Amino acid sequence: MGESVSLAGKAAVVTGAGAGLGRAEALALAAAGAAVVVNDMGQAAHDVAEEIVAAGGQAVGVTGDVSDWSLGGRLVEESLKNFGTFDILVNNAGILRDKMVFNLTESDWDDVIRVHLKGHAATSHAAAVHWRNASKAAGAPVYGRVINTSSEAFLFGSAGQPNYSAAKAGITALTLSTSQGLARYGVTANAICPRARTAMTAEAFGEATPADGLDALAPERVGTLVSYLASPASREITGQVFVVYGKMVALMAPPKVENRFDAAGSAFTVDELDQQLSSYFTGRGQYETYSAYSVAELEKAALAVD
């Protein structure tokens, strides 16, 4: 492993790391040399930490709910206490409560927003406080990496996931704000939109294929990108959104202005809006919306794994 992608001497916090994507990310960071604080709700956090230690790495398990605001600070403290440093935050923890908007309950909404969006915010806040203070004390930028887990659901506005899509859109905005707010302190922040076959997505993706070799939707494929984004080599990459699965990593472009409508006078009238907008949208297709359906075109090539 090259020096620019080595994580030797670095310490990372990974949330939701007891299984699936989070576990794969924690193992990838450990393989690159990082010490890892493995967070999850139960014993699985300690099991993955033990797995890392058994393989010759450094890790400690910390149980707790990421939506508990105080846990963010505790995770940073555990990293500093056990490893003497805190350099990388990987936010992965999440849950699903899939419903169409007309079947959505208040708890379906609150639970998903709480775990995904508030969970990302709680740990990001704690990490930001630490890195800002460390940078001010040093009188120079410090090493900091934030990798947040968004989803293609925010790009599509998945019909059966209004709560999840909204949370992931919020996480993307949080990532951009974190990137801008912490740049002066040496910290980068990026979001990934991964597809992976895990217990949470088993119903959606079905059985693993191919039967032998590394599955096209193996979480390990995502772990590799996370390890890279956590590394010194990624120092100039921040405020970006990546779609990752199969043999592909795709960089998303920011939205652009499609058209502009101007009033003849100092302000629009309703009739003017009717004249300009109604004619513009006449005959527009059902899928010609703000949703990024073109991202779906990536799938065939991404999953064509030899």
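Everything here concerns the structure above.
Before going into details, it helps to say that this report is about the structure given with it. (Residues numbered from 1 in each chain as written. Predicted model: local features only at pLDDT ≥ 70, side-chain atom pairs only at ≥ 80, totals over all residues. Heavy atoms only, no water.)

In terms of regular secondary structure, the chain is built from 10 helices and eight strands. With the C-alpha coordinates of the chain rotated into their principal frame, the extents come out at 70 × 55 × 40 Å. When the 306 residues of the chain are sorted by exposure, 45% land in the buried category. Partitioning the intrachain contacts of the chain with sequence separation of at least 6 by distance along the chain shows that 68% fall at a separation of at least 24. Distance between charge centroids for the chain: 6 Å, based on 22 positive and 32 negative side chains. (Helix = DSSP H or I, 4+ residues; strand = E, 2+ residues; numbered from the N terminus. Buried < 20%, exposed > 50% of the residue type's maximum accessible area, 1.4 Å probe, protein only. Contact = heavy atoms within 4.5 Å. Lys, Arg positive; Asp, Glu negative; His and termini not counted. Charge placed at Lys NZ, Arg CZ, Asp CG, Glu CD.)

Attention now goes to the side chain of Ser227. As for its placement among the helices and strands, Ser227 is situated in helix H8 (residues 219-229). By relative accessible area, which is 9% here, Ser227 ends up buried.

Once that is clear, we can look at the sheet that holds strand S8 (residues 248-251). The strand order across the open sheet built from eight strands is S3-S2-S1-S4-S5-S6-S7-S8, with neighbouring strands paired in mixed fashion. Since the sheet does not close on itself, it has two edges, and those belong to strand S3 (59-63) and S8, each with one partner. Neighbouring strand axes in the sheet, compared pairwise and without regard to direction, differ in orientation by 20 degrees on average. By the bridge criterion, five bridges tie strand S2 (residues 35-40) to S3 in an arrangement that is parallel. Looking at the pairing, Val37 lines up with Val60 of S3. The strands that helix H1 (residues 20-31) touches are strand S1 (11-14), S2, strand S4 (88-91) and strand S6 (187-194); relative to S1, the one it contacts most, it runs at about 175 degrees. Along the sheet, helix H6 (residues 162-182) makes contact with strand S5 (144-149), S6 and strand S7 (241-245), crossing S6 at roughly 160 degrees. (Pairing = 2+ DSSP bridges. Axes fitted to C-alpha atoms, helices over the stretch in contact; angles between N-to-C directions.)

This part takes up the side chain of Ser231. By secondary structure assignment, the location of Ser231 is in the loop between H8 and S7. Assessed through its relative accessible area of 0%, Ser231 is described here as buried. If we ignore the near neighbours within four places in the chain, the residues touching Ser231 are Ser4, Val5, Leu7, Tyr143 and Arg145.

Let's shift gears to helix H2 (residues 44-54). Among the residues making up H2, those that are buried are Ala45, Val48, Ala49 and Ile52. Buried residues of H2 fall within an arc of 100 degrees about the axis and therefore sit on the same side. In H2, those exposed residues whose orientation departs by more than 90 degrees from the buried face are Glu50 and Ala54. Buried positions along H2 lie against H1, S2 and S3. Gly56, located one to two residues past H2, shows a positive phi value of around 100 degrees. (Arc of directions from axis to C-beta.)

Looking now at the pattern of salt bridges. With the rule as written, the count across this model stands at eight salt bridges. As a salt-bridge pair, Arg114 and Asp65 come within 3.3 Å of each other at their nearest N and O atoms. One end of the pair, Arg114, is in helix H4 (residues 106-138); the other, Asp65, is in the loop between S3 and helix H3 (69-83), with 49 residues separating them in the sequence. For Asp65, a relative accessible area of 27% corresponds to the partly exposed category. Salt-bridge contacts for Asp262 lead to Arg260; the nearest nitrogen and oxygen are separated by 2.9 Å. The exposure class assigned to Asp262 is partly exposed, which follows from its relative accessible area of 42%. (Salt bridge = Lys/Arg side-chain N within 4 Å of Asp/Glu carboxyl O.)

Take the packing of aromatic side chains next. The tally for this structure, following the rule as stated, stands at five aromatic pairs. Ring centres 6.2 Å apart and planes at 10 degrees place the aromatic pair Phe156 and Tyr293 in the stacked group. Of the two residues, Phe156 sits in helix H5 (residues 153-156) while Tyr293 sits in the loop between helix H9 (270-281) and helix H10 (299-302), which places them 137 residues apart along the sequence. Ring centres 5.3 Å apart and planes at 80 degrees place the aromatic pair Tyr280 and Phe281 in the edge-to-face group. In this structure an aromatic cluster arises from ring pairing among Phe156, Tyr287 and Tyr293. Residue placement shows Lys10 over the ring face of Tyr143; its charged tip is 4.5 Å from the ring centre. Over the ring of Tyr143 we find Arg145, and its NZ or CZ is 4.2 Å from the ring centre. (Phe/Tyr/Trp six-rings, centres within 6.5 Å; stacked < 30°, edge-to-face > 60°. Lys NZ or Arg CZ within 6 Å of the ring centre and 35° of its normal.)

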